[in-house]
Amino acid sequence: MGRRGQVQLGLVLLSLALATQFAIAQGRWRERRERRQAAAAPAAPPSLVSRITTLKEGGARLDWIANKIAFDMAGPGGVFAIYVMKPDGSNVKCLTCGNPDLPRRNIGQPAWDPSGRYLVFQAEKGVHRPMRFSHALNPGAGVLNDLWVLDTSTNRATAIRDVPDAPSKGTLHPHFSPDGTMLSWSEMREKAGLRKGQEAGYWDLMLADFTVAGGRPRLENVRAVTPGGPGIYENHGFSPDGTRLIFSSNFEEKRRIEDNIYVLDLRSRKLARLTDEGYNEHGMFSPNGRSIVWMSNVGNPSKGTDYWIMNSDGSNKRRLTHFNEKGHSEYVGKKVVVADLSWRPDGTAFAGYYREGGGLESRNTPTKIILVELRPDAVR
């Protein structure tokens, strides 16, 4: 090789050496930059949920007391009935099927009295005028639904609130007070319309004394306790000490399809608004009264809903589930709507109702009851 060739080869080798050194330096620079960015980026908050499991495929609205969960579920023909199961989802039995006292229509939205003997629920009227939209008769919508109580010790069912046969009437979400002496629910007073806030009709928040005479349950001193202007007031029940009602409503909203969580003090009639963005429903106090779990569409571009938790005064809001968040391990791959829920009596977990798709459920909507177990730092 001549001198010229040697020079050219040397230049090539030098170029390769420089390129290698530059690539190494560039890689180190990129690695340092990524470390700096990772250090500067806020750390993802640790999960507040230790485990999520399915208790019952097809189950829906529910209430948990001691070692049993009552829930409703669509059966043959899409008609809802009430069932009971153990907390692990086993030993499922129908409580209302074939009961001679009850109408052969949709029955659902169960809630226990504190003794576990009485179960209050909604039942579609046995005979009523035709409805254009039949899904409005389901337990989740409550149109033309009356209130009933089942005495589980005798299997006798009694109607305790009979609404008129009109498309502007119905009941929704009954709940017993912690001492069993009162009942709260929502009652429809004006049918759905196109006016903003009236898309689901106008509903009142109701309260009554619950008594049993001669083996027959009944309501006394029935009154509306609606604290604001017209809207839908969806009852979610009492605080553990019985002094407050928690509910969701759209009466203050300026846009369509919005809802917020409120707490009403029954003595002072003081109203506290706990949420202020997105769509929110199904707020439930923890057994010790310090926390509230509810459902919200905040952070979900699909407008699906997930469970959140906050302190009972509305502070320290944190997301619990991520069924609608792409890239998360809990992501389902389609829009999910979580809804009704009930706490495990020890306050370490809750069972919730979950469905795929938006809008009101239909007989073809996939649903399930899930158990959401919480880490100790999730609840106070």
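Reading the values: rules and limits
Residues numbered from 1 in each chain as written. Predicted model: local features only at pLDDT ≥ 70, side-chain atom pairs only at ≥ 80, totals over all residues. Heavy atoms only, no water. Helix = DSSP H or I, 4+ residues; strand = E, 2+ residues; numbered from the N terminus. Buried < 20%, exposed > 50% of the residue type's maximum accessible area, 1.4 Å probe, protein only. Contact = heavy atoms within 4.5 Å. Areas by Shrake-Rupley, 256 points an atom, 1.4 Å probe, with all protein chains shown as cover. Pairing = 2+ DSSP bridges. Axes fitted to C-alpha atoms, helices over the stretch in contact; angles between N-to-C directions.

Caption draft 1: Layout of the overall build of the protein chain. Each helix and strand counted, the protein chain has one helix and 24 strands in total. Burial analysis of the protein chain (380 residues in total) assigns 49% to the buried set. Contacts in the protein chain between residues far apart in sequence, at least 24 positions, make up 46% of those at least 6 positions apart. Of the roughly 18400 Å² of accessible surface on the protein chain, a fraction of 51% belongs to carbon and sulfur atoms.

Caption draft 2: Here's a closer look at the pairing of strand β15 (residues 244-249). Counting buried positions over the six residues of β15 gives five, a clear majority of the element. Between strand β14 (residues 233-238) and β15, which pair antiparallel in sequence order, lie five residues; one of them, G242, sits at a positive phi of approximately 75°. Both β15 and strand β16 (residues 260-265) contribute to a ladder of six bridges, which runs antiparallel. Residue pairing in the sheet places L245 in a bridge with L264 of β16.

Caption draft 3: Summary view of the sheet that holds strand β21 (residues 318-319). Taken together, the four strands give an open sheet; going across it, the order is β18-β19-β20-β21, and neighbouring strands pair in antiparallel fashion. Either end of the sheet is taken by a strand with one partner, and the two such strands are β18 (280-285) and β21. Both strand β20 (residues 306-311) and β21 contribute to a ladder of two bridges, which runs antiparallel. Bridge pairing in β21 places W308 opposite R319.

Caption draft 4: Structural detail: unusual backbone geometry. With a phi close to 50°, A66 is a non-glycine residue in the positive phi region. Following the sequence through the fold, A66 ends up in the loop between β2 (59-65) and β3 (68-74). With phi around 60°, Q109 is a residue other than glycine that occupies positive phi space. Among the secondary structure elements, Q109 is positioned in strand β6 (residues 107-112).

Caption draft 5: Looking closely at the sheet that holds strand β7 (residues 118-124). Pairing in this open sheet of four strands is antiparallel, and the strands run β6-β7-β8-β9 from one edge to the other. Edge positions in the sheet fall to β6 and β9 (156-161), since each of these pairs with one other strand and no more. Adjacent strand axes in the sheet meet at a mean angle of 30°, parallel and antiparallel pairs treated alike.

Caption draft 6: Molecular detail of the pairing of β2. Burial analysis of β2 places seven of its seven residues in the buried class, the great majority of the element. Both β2 and β3 contribute to a ladder of five bridges, which runs antiparallel. Each bridged residue has a counterpart across the sheet, and for G59 the counterpart in β3 is M73. Linkage of β2 to β3, two consecutive antiparallel strands, is achieved through a turn of two residues, within which A66 is found at a positive phi near 50°.

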